[in-house]
Amino acid sequence: MGQVAWKALFLSLFDYKTEKYVIAKNKKVGVLYRVVQLSILAYLVGWVFVVKKGYQDTDTSLQSSVITKLKGVAFTNTSELGERLWDVADYVIPPQGESVFFVMTNLIVTPNQRQATCPESASIPDALCEEDTDCLEGKAVVAGNGVKTGRCLKDRGSTRGTCEILAWCPVEKRSKPKKPLLGSAENFTVYIKNSIRFPKFKFSKMNVLATDNESYLKSCRYSQEHPYCPIFVLGNIVRWAGGNFQEMASEGGVIGIQIEWNCDLDKAPSECNPHYSFSRLDNKSAETSISSGYNFRFAKYYRDAEGVDYRTLIKAYGIRFDVMVNGKAGKFNIIPTIINISSGLALMGAGAFFCDLVLLYLIKKSNFYRGKKYEEVKSNSRKSLSSPTLNGNQSPDQLDGL
Amino acid sequence: MGQVAWKALFLSLFDYKTEKYVIAKNKKVGVLYRVVQLSILAYLVGWVFVVKKGYQDTDTSLQSSVITKLKGVAFTNTSELGERLWDVADYVIPPQGESVFFVMTNLIVTPNQRQATCPESASIPDALCEEDTDCLEGKAVVAGNGVKTGRCLKDRGSTRGTCEILAWCPVEKRSKPKKPLLGSAENFTVYIKNSIRFPKFKFSKMNVLATDNESYLKSCRYSQEHPYCPIFVLGNIVRWAGGNFQEMASEGGVIGIQIEWNCDLDKAPSECNPHYSFSRLDNKSAETSISSGYNFRFAKYYRDAEGVDYRTLIKAYGIRFDVMVNGKAGKFNIIPTIINISSGLALMGAGAFFCDLVLLYLIKKSNFYRGKKYEEVKSNSRKSLSSPTLNGNQSPDQLDGL
Amino acid sequence: MGQVAWKALFLSLFDYKTEKYVIAKNKKVGVLYRVVQLSILAYLVGWVFVVKKGYQDTDTSLQSSVITKLKGVAFTNTSELGERLWDVADYVIPPQGESVFFVMTNLIVTPNQRQATCPESASIPDALCEEDTDCLEGKAVVAGNGVKTGRCLKDRGSTRGTCEILAWCPVEKRSKPKKPLLGSAENFTVYIKNSIRFPKFKFSKMNVLATDNESYLKSCRYSQEHPYCPIFVLGNIVRWAGGNFQEMASEGGVIGIQIEWNCDLDKAPSECNPHYSFSRLDNKSAETSISSGYNFRFAKYYRDAEGVDYRTLIKAYGIRFDVMVNGKAGKFNIIPTIINISSGLALMGAGAFFCDLVLLYLIKKSNFYRGKKYEEVKSNSRKSLSSPTLNGNQSPDQLDGL
């Protein structure tokens, strides 16, 4: 192109183009359009921004650290163990005070087990036998306590017995006390110290107010009136979770302590506080023994004067507490704000589209407005016939498409 | 302004403005535009909404609780330990049945260690010496077992020896059995009970069907045909993770059991089921002893008749299983739906922009259409010359900018 | 409709409608519009796409597995315990080398506790008494060590004493050494092996380079110059976290080791590396004993020649290290790209709206342009009067609404 053409092109870059509008002085459609606009605005401001905080960027990757500490003692008096006092080192497993801790509430003790051969428990189906050939030597008992030696041991006069096994003998008997031995664990207390951090916003907080004096923290208990005292009575926790402590203590179970931190970081840090909720996590509806309750076996190992290992096997039933911390922080950020505003603007366009439909097709004078809005152009050789001017003389059969 | 002016302004608020359109009866561009529209619609409906479920709000902050329980016994016969039966209390560390558990498959036992002085192991470089001055008293052996006493102990006739140290003596010898001692752990089973909760939607589920009867759960094993039976054979887990159990049992390793819950909460809760996958988490490619395998040392403490502490040190090799639960729930929500629809509408605008380009610049009659679409106005004193009417008489040098 | 009408309707589907534009040759508004366009483009490209990577889909659900291994020995010489060497099996709790591990740095040892009756510690308020009636038989001492027997034990000549309790006797004395017993834990090292996986993108990586040779990993220590050597000296960790090891070792505390993986998966996998940061997680500001520091009690159980249980109670103070892994991976994805581009396009519309305001209301010739942009149509019976043609003859009182 010539120099004049380049200059004209450059100048034309700074022309301002704006759409041409037709003002339809039709009050009905005008009012309808304003109503649609106001609804969209109300949705945008009310729901998206105020309720859902659409102007905020969120951080859901919460980093959390939990320290727990139990306190309490229980006294038991049984024929097996005699008078015994159980303290924290006895019933909390593991003892480190992390976010998951177990409080033993019931147990089956099998003391003085030694490596030897003895009859397997009669309650294990795979160990039932009538003669020696039923017990294949060296084969482990399915869901059992040892490996078979090849002999079937029967009580005098019985036809059925159990296989002899090599195991820690004597094996465990299968009957736990109906009433939980450490039922007074209901009165124990747990002090939960939780420190959280939202990495995206570099915000940290603890659930214990640093200003609390020592005597307050030593004697307070968590309740609705004392939400900033994270010392919980175990019985209360189970009750708030909808359970019954004594029932749960017999079979064992798992309780979840959820600490939720929903913080609006546009407000003061002091308004960012945890919310505690409690729920039962294990399957409470089923009655099957294999899937209800919570128990595990552990052993204490000793050595006798001859240097032979022996152990006390303990099948511990109890309540495991899982402290689960989750949370979400929100802080104003320009990008989600703009995305939500833009969606609102696009919605306005949809509102205009809907009102156009009404104006052009639904009201009485729609033909007239269609003629005004759309200008048909057709490119052909006879220019004089090609351009209908804008007037009211549109014939009904000049249909325009969408 | 006067009262009339205010009234006119108020009435004008309810005028309805709509853009004026030019209908170009050019079938080529019209068809192109319809094709573009249909593609955008197909992308929006097919990809964004159906495949990616763009109409759903998602929750990725899954809360999970895992209970595990191993079953199985292993029989070993070694010169050191004699005939021995290993059961759950012996080989599972820790015993509580949490989401991370370790099954011991190989071990080095150093029994009867007492606090005393003895020569350090010859395999530790920092402890090698030729004379007493090589061993600085009170200095801890780097990567060693104790602190030096200042003496260099050499075998008779040797020139090189190792420093004498104060440690738990005798120190550990560095040779584990090539063949894993508890290799029959391959047949052990683990029962994984997982309970999850999506806090945003307040939806909970377990991976065990409550309707299962006890006998089914006692005898079933997880497989493709039995996806609702979360009892896994350890050998199968390692095999599905791409490993070889006996190889892995010798050096130890870490296996991840991923339980994925991808739930569409617009469907029935019964369609929300976990998906299990298995992978090896530790570094399997390197041959370096420092970074492959998994082992740790622990001790069992005893006290002899004189009241002196002694211990058995166990270097345990084995497979640690990390049960990792993650998931995502989706549920219909109006906000992401509107955001995605709005993006689709804005895309339509981009499609119209593209077709405008074709109409105004690429086709044969483009000059004509440019003249029809753009109406130049220039504000000056002579109004009669300022407004070209809409007709076909655009001169080619009246270029318009974009 | 007749067949002709249907045919006309079908053909009209392929008409192409495009908005009519008015080109205002006003350089000021034109330049303003270009400036607005360029700003929006700069914001979109510079901020949304380059800085915030708005074209990427992100995965924040990181799956992580951590193996830790401590090394180091400490020598102590006290009147209680004599000369003693502490190694890994003695001071690391639990021993399994998981992501949370505790290193004991200070302790109170109460050896040879047996189940018996003895006076409660005088530092427990609930146990103070003057006569037997102050001690209610069977009642547990609040925050104490046992249950009261009903007797008040007073030293000869004293008026105040403490209740006799059934507990593990003798009870613990409340005084820990001012100087941490295992203060040389400052020189211990911990090797942290971390393996991560982003499930959405199926990307895995470890923090140890597989190509490292064994001797490098055995002798290196983490520092700014050696970022790929994850062997940390405990004293350095505490120092980088802003703490003093000896102070912290006395009371105990919790240190967080954050491993952050921020990976741009559009780049090479070798550019995805972890970033380590250290912080103190427990409450350091408060001086209250109940909420500062970190300690727990555990016991070692023994059995004497008569078969009577006895134990050594250890109140362990130390530093708990929580390895917390978090991260975010980004990878190009068409949907967030389109959403952000669409928001940008909608913003352009807002820019045009703003420039329209300037053109129509703020500049000198605004009346003229308003007349050109808006064409009033009013539907009435007299068609000849209903359609003002496009010319410059707009009267000022023909106000148009927004």
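All values reported here derive from a predicted model rather than from experimental measurement. (Residues numbered from 1 in each chain as written. Chains lettered and ligands numbered in written order. Predicted model: local features only at pLDDT ≥ 70, side-chain atom pairs only at ≥ 80, totals over all residues. Heavy atoms only, no water.)

Peer 1: Sorry, what's going on with the environment of C:Asn326 here?
Peer 2: Here C:Asn326 is to be found in strand β18 (residues 309–332). Look at C:Asn326 and you get buried, because its relative accessible area is 14%. Separated by 249 residues in sequence, C:Asn326 and C:Asn77 place their C-alpha atoms 42 Å apart. If sequence neighbours within four positions are ignored, C:Asn326 has contacts with A:Gln63, A:Pro199, C:Leu62, C:Ile259, C:Glu260 and C:Trp261. A polar contact of 3.1 Å, which involves the side chain of C:Asn326, links it to the side chain of A:Gln63. (Helix = DSSP H or I, 4+ residues; strand = E, 2+ residues; numbered from the N terminus. Buried < 20%, exposed > 50% of the residue type's maximum accessible area, 1.4 Å probe, protein only. Contact = heavy atoms within 4.5 Å. Polar contact = N/O pair within 3.5 Å; in protein donor to acceptor, adjacent residues only side chain to side chain.)

Peer 1: What's the story with the interface of chain A and chain C in this structure? I'm lost.
Peer 2: In many analyses, interface size is given as the accessible surface area lost on bringing the parts together. The interface of chain A with chain C comprises 71 residues on the first partner and 88 residues on the second. Both faces considered, chain A and chain C share a buried interface measuring about 7,200 Å² in area, 57% of it formed by carbon and sulfur atoms. When the buried area of chain A at its contact with chain C is split by residue, A:Tyr16, A:Lys20 and A:Ile23 rank highest and sum to 12% of it. Here chain A is connected to chain C by four salt bridges. C:Lys27 is the salt-bridge partner of A:Asp15, the closest N and O atoms lying 3.1 Å from each other. At the surface where chain A touches chain C, the tally comes to 23 residue pairs in polar contact (both at pLDDT 80 or more). (Buried area = accessible area lost by both parts, 1.4 Å probe. Salt bridge = Lys/Arg side-chain N within 4 Å of Asp/Glu carboxyl O.)

Peer 1: Mind showing me how you'd approach the sheet that holds strand β1 (residues 16–19) of chain A here?
Peer 2: Pairing between the strands of a sheet is mediated by backbone hydrogen bonds and can be parallel or antiparallel. The strand order β1(A)-β2(C)-β19(B) describes an open sheet built from three strands, whose pairing is mixed. The open sheet has two edge strands, β1 of chain A together with β19 (374–377) of chain B, and neither has a second partner. On average, each strand axis in the sheet is tilted by 30° relative to the strand beside it, whichever way the strands run. Bridge analysis of β19(B) against strand β2 (residues 21–24) of chain C gives four bridges, and the strand direction is parallel. Across the sheet, the residue bridging to B:Glu376 is C:Ile23, located in β2(C). (Pairing = 2+ DSSP bridges. Axes fitted to C-alpha atoms, helices over the stretch in contact; angles between N-to-C directions.)

Peer 1: What's the story with the packing of helix α2 (residues 27–51) of chain B against helix α7 (residues 334–362) of chain C in this structure? I'm lost.
Peer 2: Packed helix pairs are characterised by how far apart their axes lie and by the angle those axes make with each other. Put simply, α2(B) and α7(C) touch, their axes get as near as 12 Å, and they point 130° apart. When the axis of α2(B) is compared with that of α7(C), the two are oblique. As α2(B) packs across α7(C), the resulting crossing turns out to be left-handed. Seen from α2(B), the contacting residues are B:Tyr43, B:Trp47 and B:Val48; seen from α7(C), they are C:Ile334, C:Ile335 and C:Ile338. The residue inventory of the contact of α2(B) with α7(C), partitioned by class, reads six nonpolar, no polar and no charged. (Parallel < 35°, antiparallel > 145°, perpendicular 65-115°, else oblique. Left-handed = near helix turned anticlockwise from the far one by under 90°. Nonpolar A, V, L, I, M, F, W, Y, C, P; charged D, E, K, R; others polar.)

Peer 1: So what exactly am I meant to see when it comes to the interface of chain B and chain C here?
Peer 2: Opposite the 88 residues of chain B that make contact, chain C presents 72 residues. Between chain B and chain C lies a buried interface of about 7,200 Å² when both sides are counted; carbon and sulfur atoms form 57% of it. Ionic pairing is found between B:Lys25 and C:Asp15, a salt bridge with its closest N-O pair at 2.9 Å. Counting the contacts that link chain B with chain C gives 23 residue pairs in polar contact (both at pLDDT 80 or more).

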